[in-house]
Amino acid sequence: MSDAATEVDDLKAKAAETAIDLVKPGMKLGLGTGSTAFHFVEAVGGLVRNGLEVLCVPTSEATRAHAEKLRIPLSSLDETPQLDLTVDGADEMDDQLRLIKGGGGALLREKIVATASDRMVVIADGSKVSKTLGSHPLPVEVVRFGLRATMRLIEALSAEAGCEGEIRLRPGKGDLPFITDQGNLIVDCAFNNISEPEVLAFALKRVPGVVEHGLFLGLADLAFVATSGGIKTMRRAGE
Ligand code: 5RP
């Protein structure tokens, strides 16, 4: 890892360590996905090793494998349909705690788990905070059937919602597309400026081939953002 990457990773770890204070005995937790959530899972693993009793639902197969390695007790939303707290990273967030997620391809399970939680807390380094969402391409999970037609409709309805930019099928290994844990595809939409996320979210939901999009609106309650100056706590209005 370069010095700069190590510095950012340290910030991610600090954000995760701050969120660990919210974890209490007996809690049912959603475990996020990605390099920031990785640190949170590690920290939960440390607490479990020291005897803390929690039950966790992972948001991806990668997080499940990590948590299993740490012997964190796991459950599913079928067995445990309501969670106390989900802690997850984000690709981008604004000051209203509206998020872009799905850079790691786990947006569908992440959104289902966050929605099933009483609280969603975001952990991030300062580079993730933007005035206006869109500098990170918006991931949209789509079914394979009718892919080209779906992409055309995403383009048309997004343009009506004021968002234009390249819409690209996410590549996977070799010549294959990236496949999500649910067996779907991801298209990444480089809109650059999503001035009305709610309008875009509504438009994307009108596309039949769209399973879910990476706009998380009204889901995150609290964020811990780590910068070289310390941890900034951000709250959604009304929280
Ligand atoms: C995965 C996600 C991640 O939370 C997001 O990509 C942030 O990842 P990282 O913490 O590695 O920057 O949405 O689908």
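Quantities reported herein were computed from a predicted structural model and do not represent experimental measurements.

1. With respect to the overall build of the protein
- Along the backbone of the protein there are six helices and 13 strands.
- Expected size for 239 residues packed as a compact globule is a radius of gyration near 18 Å; at 18 Å, the protein falls within 12% of this value.
- Its C-alpha atoms give the protein principal-axis dimensions of about 55 × 40 × 40 Å.
- By residue count, 51% of the 239 residues in the protein fall in the buried class.
- Long-range pairs, those at least 24 residues apart, make up 74% of the contacts in the protein between residues at least 6 apart in sequence.
- Seen as two clouds, the 26 positive and the 34 negative side-chain charges of the protein have centres 2 Å apart.

2. Here we look at unusual backbone geometry
- Even without glycine at this site, Leu 97 takes up a positive phi of about 60°.
- As for its placement among the helices and strands, Leu 97 is situated in the loop between β4 (92-93) and β5 (99-100).
- In this model, Asn 192 sits at a positive phi of 65°, which is unusual for a non-glycine residue.
- Along the polypeptide, Asn 192 turns up in the loop between β9 (185-190) and α6 (197-204).
- Taking relative accessible area as the criterion, Asn 192 reaches 58% and is therefore assigned exposed.

3. Remarks on the site of the ligand
- Residues in close proximity to the ligand total 18 residues, the closest being Ser 35, Thr 36, Asp 91, Lys 101 and Lys 128.
- Within the side chain of Thr 36, one N or O atom sits 2.5 Å away from an oxygen atom of the ligand.
- Surface burial for the ligand is 91%, taken as the share of its 370 Å² of free accessible area covered by protein chains.
- Elements with a minimum of two residues in the shell around the ligand: α2 (35-49) and α4 (107-115).

4. Observations regarding the packing of aromatic side chains
- Under the counting rule described, the total for this entry stands at zero aromatic pairs.
- Cation over ring: Lys 101 sits above Phe 216, and NZ or CZ is 5.7 Å from the ring centre.
- Over the ring of Phe 178 we find Arg 170; its NZ or CZ atom is 5.4 Å from the centre of that ring.

5. As for the sheet that holds β4
- Strand order in the open sheet formed by three strands is β4-β5-β11, and the pairing between neighbours is antiparallel. The strands lining the two open edges of the sheet, one partner per strand, are β4 and β11 (215-216).
- One ladder, built from two bridges, connects β5 with β11; its direction is antiparallel. Residue pairing in the sheet places Ile 100 in a bridge with Leu 215 of β11.

6. Remarks on the environment of Cys 163
- Structurally, Cys 163 can be placed in the loop between α5 (147-160) and β8 (166-169).
- Not counting residues up to four positions away in its chain, the partners in contact with Cys 163 are Ser 158, Phe 191, Asn 193, Ile 194 and Leu 200.

7. Quick word on the domain arrangement of the protein
- The domains assigned to the protein are domain 1 (3-129 + 218-227) and domain 2 (138-211).
- Taking the mean C-alpha position of each, domain 1 and domain 2 sit 25 Å from one another.
- On the domain 2 side, the residues contacting the twelve residues of domain 1 number 15 residues.
- Both faces combined, the contact of domain 1 with domain 2 buries some 990 Å², and carbon together with sulfur accounts for 57% of it.
- Summed over the shared surface of domain 1 and domain 2, the number is two salt bridges.
- Among the ionic pairs, Asp 181 bridges to Arg 109, the shortest N-O distance being 4.0 Å.
- Our enumeration of links across domain 1 and domain 2 arrives at six residue pairs in polar contact (both at pLDDT 80 or more).

Parameters at a glance
Residues numbered from 1 in each chain as written. Predicted model: local features only at pLDDT ≥ 70, side-chain atom pairs only at ≥ 80, totals over all residues. Heavy atoms only, no water. Helix = DSSP H or I, 4+ residues; strand = E, 2+ residues; numbered from the N terminus. Rg over C-alpha atoms; globule rule 2.2 N^0.38 Å. Buried < 20%, exposed > 50% of the residue type's maximum accessible area, 1.4 Å probe, protein only. Contact = heavy atoms within 4.5 Å. Lys, Arg positive; Asp, Glu negative; His and termini not counted. Charge placed at Lys NZ, Arg CZ, Asp CG, Glu CD. Near = heavy atom within 4 Å. Polar contact = N/O pair within 3.5 Å; in protein donor to acceptor, adjacent residues only side chain to side chain. Areas by Shrake-Rupley, 256 points an atom, 1.4 Å probe, with all protein chains shown as cover. Phe/Tyr/Trp six-rings, centres within 6.5 Å; stacked < 30°, edge-to-face > 60°. Lys NZ or Arg CZ within 6 Å of the ring centre and 35° of its normal. Pairing = 2+ DSSP bridges. Domains from an automatic or database assignment. Buried area = accessible area lost by both parts, 1.4 Å probe. Salt bridge = Lys/Arg side-chain N within 4 Å of Asp/Glu carboxyl O.

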